Amino acid sequence: MTRLMLGRTLERICKGVLLLCLLHFLIMMILYFDVYSQHFDLFSRFNNGRNGSRTNGSGTGAGGHHFYFYNLSRPNATLASYLAPGEQLLPSAKPETEQTPSPKPLPPCPEIPPGLVGRLLIEFSSQMTMEQVQRENPNVTEGGRYTPPDCRPRWKVAIIIPFRHRDNHLKYWLHYLHPILRRQKIDYGIYIINQLGEDTFNRAKLLNVGYRETLKDAEYDCFIFSDVDLIPMDDRNLYHCYDQPRHFAIAMDKFGFRLPYAGYFGGVSGLSRKQFLKINGFPNEYWGWGGEDDDIYNRITLNGMKVSRPDVRIGRYRMIKHERDKHNEPNPQRFNKIQNTKNTMKRDGISSLTYRLVQVKRFPLYTNISVEIGKPPPRPFKG
């Protein structure tokens with residue numbers, strides 16, 4: 001009986017020891033895995049650079065981005081607690097070269113600009129200085145150039161003025177025309193074609209010179225030829241080219257605001273580049289006053305084109321009163337020449353133009369082109 005009790009006691013002791021051993025083993029395993037997990041966490045931190053080096057060897061991946069691997073599975077763990085001082089994550093930097101967005105294309109300028117005012121008061125009694133006109137037009141660039149900043153112009157216009165000894169008239173012309181042209185949303189340049197010397201004036205030949213010289217300056221596709229003493233009285237008289245050659249100055253105060261005759265093409269006119277070349281430009285052999293406008297009108301009609309005009313209420317002009325220029329006396333041969341336009345226009349024009357360019361000078365409000373154009377041929381002797 002005693003031996004039986006002793007055996008049971010030993011059995012219980014052995015089971016207890018086994019349970020203690022098993023419990024010890026479990027505790028050791030728990031502690032081991034806990035320490036191992038911490039070790040693994042530190043090991044991951046140590047190797048995040050190596051993970052990045054698999055991309056480009058500098059702790060960055062493709063495109064220069066850093067790759068970090070952190071274990072945030074432990075309670076209360078935060079990303080900042082794993083980062084060494086100076087290793088805090090920074091906001092992603094913007095690319096060094098940031099492309100500037102391309103500007104939106106400008107819309108085409110409206111056919112009828114909204115800023116026009118219509119009928120204008122034109123007077124020449126007040127004194128005018130070039131400095132005053134320049135202050136009035138700060139947006140006009142050197143050489144008398146302007147392009148609208150808010151829309152794409154439909155025409156690139158060269159405005160050509162035959163000139164000699166008309167400085168006072170030029171001030172008024174610039175004073176009135178620059179604001180008008182800006183309101184009309186025109187890309188334009190102002191060119192004064194100055195005939196040097198005191199020989200007989202030749203308006204049409206100067207206009208041919210202007211056509212050729214302005215094309216050296218820019219790719220103009222429209223040419224408006226204006227006398228310096230004519231000011232439009234309505235800004236709805238749009239200074240650009242049309243499907244047909246354009247006559248702008250159809251109602252001058254000089255003629256009682258009426259067209260003097262059906263074939264009149266004087267004062268202010270406009271032709272596109274194609275139209276100008278089709279008529280071989282203007283005649284070069286009209287020395288002195290008169291006749292060249294009628295010759296141009298004949299060239300237009302003989303080449304199958306028609307002259308277009310604005311409404312008579314819009315095409316009104318005021319002329320600056322002045323005495324007839326010296327060496328610009330009426331041309332006695334003008335009537336005979338007008339009758340022979342059909343025979344002369346192919347050989348006398350832009351194709352036969354000769355002159356000598358002396359100087360091109362750019363002023364704030366216009367470009368001055370000074371030229372020598374020669375002398376008229378001697379008149380035939382009448383026996």
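All of these numbers come straight from a predicted model, not from anything done at the bench.

Membership of the largest hydrophobic core comes to 41 residues, with the highest contact counts inside it found for Trp173, Ile190 and Tyr239. Breaking this core down by element, the ones donating at least two residues are strand 2 (156-163), helix 5 (167-183), strand 3 (187-195), strand 4 (222-226), strand 5 (230-232) and strand 9 (316-319). Broken down by element, this core gets its largest block of residues, eight residues, from helix 5. Not counting residues within four places of it along the chain, the set of residues in contact with Ile190 comprises Gly143, Gly144, Ile159, Trp173, Leu174, His178, Leu181, Leu365, Tyr366 and Thr367. Grouped together as the second largest cluster of nonpolar side chains are 30 residues, Tyr191, Ala204, Leu215 and Phe282 included.

Attention shifts here to the sheet that holds strand 5. Paired through backbone hydrogen bonds, the strands of a sheet run either parallel or antiparallel to each other. The three strands are arranged 5-9-7 in an open sheet whose pairing can be described as mixed. Where the open sheet ends on each side, the last strands, each with one partner, are strand 5 and strand 7 (251-252). Two elements, strand 5 and strand 9, share three bridges in a ladder whose sense is antiparallel. Looking at strand 9, one finds that Pro232 is bridged to Tyr317.

Evaluation of the coordinates by the stated rule reveals 14 aromatic pairs. The ring of Tyr242 carries Arg246 above its face, with NZ or CZ at 3.9 Å from the centroid. Over the ring of Phe257 we find Arg316; its NZ or CZ atom is 3.9 Å from the centre of that ring.

Let's shift gears to the state of the cysteines. Inspection of every chain in the model, using the stated rule, returns two disulfides. Paired through a disulfide, Cys109 and Cys151 show a sulfur-sulfur distance of 2.0 Å. Judged by the torsion about the S-S bond (85°), the Cys109/Cys151 disulfide is right-handed. On the criterion of sequence distance, the pair formed by Cys109 in the loop between helix 3 (79-82) and helix 4 (130-136) and Cys151 in the loop between strand 1 (145-146) and strand 2 is long-range, its members being 42 residues apart. Neither residue differs from the other here; Cys109 and Cys151 are each classed as buried. Between Cys222 and Cys241 runs a disulfide, and the two sulfur atoms are separated by 2.1 Å. Linking Cys222 and Cys241, the disulfide has an S-S dihedral of approximately 90° and is accordingly described as right-handed. Here Cys222, found in strand 4, pairs with Cys241, found in the loop between strand 5 and strand 6 (246-247); they are 19 residues apart in sequence, far enough to count as distant. Here Cys241 falls in the buried class, since its relative accessible area comes to 4%.

Here is the key point about a regular strand: its side chains alternate between the two faces of the sheet. With five of six residues buried, strand 11 (residues 367-372) is to be regarded as a mostly interior element. Sheet topology places strand 10 (residues 356-362) next to strand 11; six bridges connect them, and they run antiparallel. Residue pairing for strand 11: Arg362 is matched across the bridge by Thr367. What sits between strand 10 and strand 11 in their antiparallel hairpin is a turn of four residues.

The end-to-end C-alpha distance of helix 6 (residues 203-217), which contains 15 residues, comes to 21 Å, matching closely the 21 Å that a straight helix rising 1.5 Å per residue would cover. Of all the 15 residues making up helix 6, 12 are buried; the element is thus mostly covered by neighbouring parts of the structure. Of the positions making up helix 6, those classed as buried are Arg203, Ala204, Lys205, Leu206, Leu207, Asn208, Val209, Gly210, Tyr211, Glu213, Thr214 and Leu215.

Definitions and limits used
Residues numbered from 1 in each chain as written. Predicted model: local features only at pLDDT ≥ 70, side-chain atom pairs only at ≥ 80, totals over all residues. Heavy atoms only, no water. Core = buried A, V, L, I, M, F, W, Y, C linked by side-chain atoms within 4.5 Å. Buried < 20%, exposed > 50% of the residue type's maximum accessible area, 1.4 Å probe, protein only. Helix = DSSP H or I, 4+ residues; strand = E, 2+ residues; numbered from the N terminus. Contact = heavy atoms within 4.5 Å. Pairing = 2+ DSSP bridges. Phe/Tyr/Trp six-rings, centres within 6.5 Å; stacked < 30°, edge-to-face > 60°. Lys NZ or Arg CZ within 6 Å of the ring centre and 35° of its normal. Disulfide = S-S within 2.5 Å. Expected span 1.5 Å × (residues − 1).

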